[in-house]
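Here is what each chain is made of, one letter per residue.
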2 protein chains.
Amino acid sequence: MHEIFLDELKKLNTSFMELGVFVNDQIDLATRAFVDHDKTVAKDLVKKHSQIQDEATKIEEEALKLMALQQPVATDFRVVISILKAITDIERIGENSVSISWETIRLKGNPRSSEVEAIISEMTHNVRRMLVQVLTAYVQDDEKMAREVAARDTEIDLAYVKVRQMIIDKIEKDPQKAVASSSYFMVTRLLERIGDHIVNLASWVIYKTSGELEKLENETEVQTK
Amino acid sequence: MHEIFLDELKKLNTSFMELGVFVNDQIDLATRAFVDHDKTVAKDLVKKHSQIQDEATKIEEEALKLMALQQPVATDFRVVISILKAITDIERIGENSVSISWETIRLKGNPRSSEVEAIISEMTHNVRRMLVQVLTAYVQDDEKMAREVAARDTEIDLAYVKVRQMIIDKIEKDPQKAVASSSYFMVTRLLERIGDHIVNLASWVIYKTSGELEKLENETEVQTK
């Protein structure tokens, strides 16, 4: 009986990781399409939204089934619970990347800023690295790594604040950029939100490993000067 | 034994509802402070952030304890799971209202638009009504009401798209309003996100009532013309 459970749990873990990696690719594709003004790719990514949602729901259903039928205890209990909770953050990261694609679809060939787009690319790079690392920490039950990843969310928050001020300055100089700027606001905010979800994932790694519900700070709102 | 469990479950339900109602008040206070440019109230609301987080974590811990020690089945299982999942949406609604307060703190006495602020007030009113109704649907196991509330999220999404276009038009006419406008973008987006979390809550009411994991659509991204 316990062997069957462990087998099911292994499958669940694999599905969870696979969706995490898939979503990580989506972030890359979404911001790249945004920077390239590629509406065709963006529309394609929007279509994949329901795929992410369906897969997340399937994982949730599986976790609930395991929980109800097998009534796991101790470590097994924590593994199932952490997947049941963390899957929502993976799903939200997917939603945020779909929202980035919507920003691309809404673009109207307005004047753009290569300076802001460079920061967006860098934020994307950092956020994706953090996501891979938190997923690795999850597999390896590495609480220390989870904490390190979470601490780096501050860099993402600072980049967001910086780019926001940059956008405001640009609009004041050149109001014709207002439409493009509204997209910049949103895309950087969405990346910042993805960073917050990664912090939540780190908290679930800690729960899975230690049994402690320690919520790491994910809302380092930084006051602009 | 089961009587003690039911007693604990009742307490858990009460705490969940109380936090829901508290968070609903926070939305009101946060947007009112934003419209009134009241930084004192905003700073006070930011301080309450950890209070919401701590209470949400306490509810989560309690739900996990009940789940692990009592291994509830059938309806009881669904009630505990729905609280365990829905509490995150309540917490996020709280976070979003704190982010609104941060926008207030960042304001710099820039020229404002009463037209946009009127829509923000209306969005707040609608979102808060939806939150009260979904909490009511939760207590009464009213799946029909939950679906009705979720369907009304489209109105929130449309208001967001409308106000966004309005803000862009205003910036193009008067670039000096760029800083205030970035706040308008954010506050309306935050209210729109609160609407999405209410839809998630509606999905958990359906799960609690029927046992079905039916995710209601929460991301009606509407393409601006």
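Every value quoted in this text rests on a predicted model; they were computed, and no experiment measured them.

**Here we look at the overall build of chain A**
No. 1: Check the secondary structure of chain A and you find eight helices and zero strands.
No. 2: What you see in chain A, going N to C, is helices and strands ordered as α-α-α-α-α-α-α-α.
No. 3: Compactness check: chain A gives a C-alpha radius of gyration of 19 Å against a globular reference of 17 Å for 225 residues, within 12% of the reference.
No. 4: Burial analysis of chain A (225 residues in total) assigns 60% to the buried set.
No. 5: By element, 53% of the accessible surface of chain A is carried by carbon and sulfur atoms, the whole surface being about 8900 Å².

**Details of the pattern of salt bridges**
No. 1: Summed over the entire model, instances satisfying the criterion amount to 38 salt bridges over all chains.
No. 2: Glu115(A) is the partner of Lys170(A) in a salt bridge, and the nearest nitrogen-oxygen pair spans 3.1 Å. In this pair, Lys170(A) is assigned in helix H7 (residues 153-173) and Glu115(A) in helix H5 (residues 114-139), connecting sequence segments 55 residues apart.
No. 3: Classification of Lys170(A) by relative accessible area gives partly exposed; the value is 22%.
No. 4: Across the salt bridge formed by Lys208(B) and Asp141(B), the nearest N and O atoms sit 2.8 Å from each other.

**A look at the relation of the copies chain A and chain B**
No. 1: Least-squares fitting of chain A to chain B yields an RMSD of 0.0 Å, with the transformation described by 0.0 Å of translation along the axis and a rotation of 180 degrees. With respect to symmetry, the two chain copies, as superposed, fit the operation of a two-fold axis. Distance from the rotation axis, computed per C-alpha, reaches its smallest value in chain A at Pro175(A): 2.7 Å.
No. 2: Comparing contact sets, 98% of the residues at the interface of chain A also lie at the interface in chain B, consistent with an isologous, same-surface contact.

**Here we look at the interface of chain A and chain B**
No. 1: With 58 residues of chain A in contact, the opposing surface of chain B contributes 57 residues.
No. 2: Note on chain A versus chain B: buried area summed over both sides is about 5100 Å², and carbon and sulfur give 53% of it.
No. 3: Joining chain A to chain B, the criterion identifies six salt bridges.
No. 4: Connecting chain A to chain B are 13 residue pairs in polar contact (both at pLDDT 80 or more).

The rules behind each value
Residues numbered from 1 in each chain as written. Chains lettered and ligands numbered in written order. Predicted model: local features only at pLDDT ≥ 70, side-chain atom pairs only at ≥ 80, totals over all residues. Heavy atoms only, no water. Helix = DSSP H or I, 4+ residues; strand = E, 2+ residues; numbered from the N terminus. Rg over C-alpha atoms; globule rule 2.2 N^0.38 Å. Buried < 20%, exposed > 50% of the residue type's maximum accessible area, 1.4 Å probe, protein only. Areas by Shrake-Rupley, 256 points an atom, 1.4 Å probe, with all protein chains shown as cover. Salt bridge = Lys/Arg side-chain N within 4 Å of Asp/Glu carboxyl O. Least-squares fit on C-alpha atoms with pLDDT ≥ 70 in both. Contact = heavy atoms within 4.5 Å. Buried area = accessible area lost by both parts, 1.4 Å probe. Polar contact = N/O pair within 3.5 Å; in protein donor to acceptor, adjacent residues only side chain to side chain.

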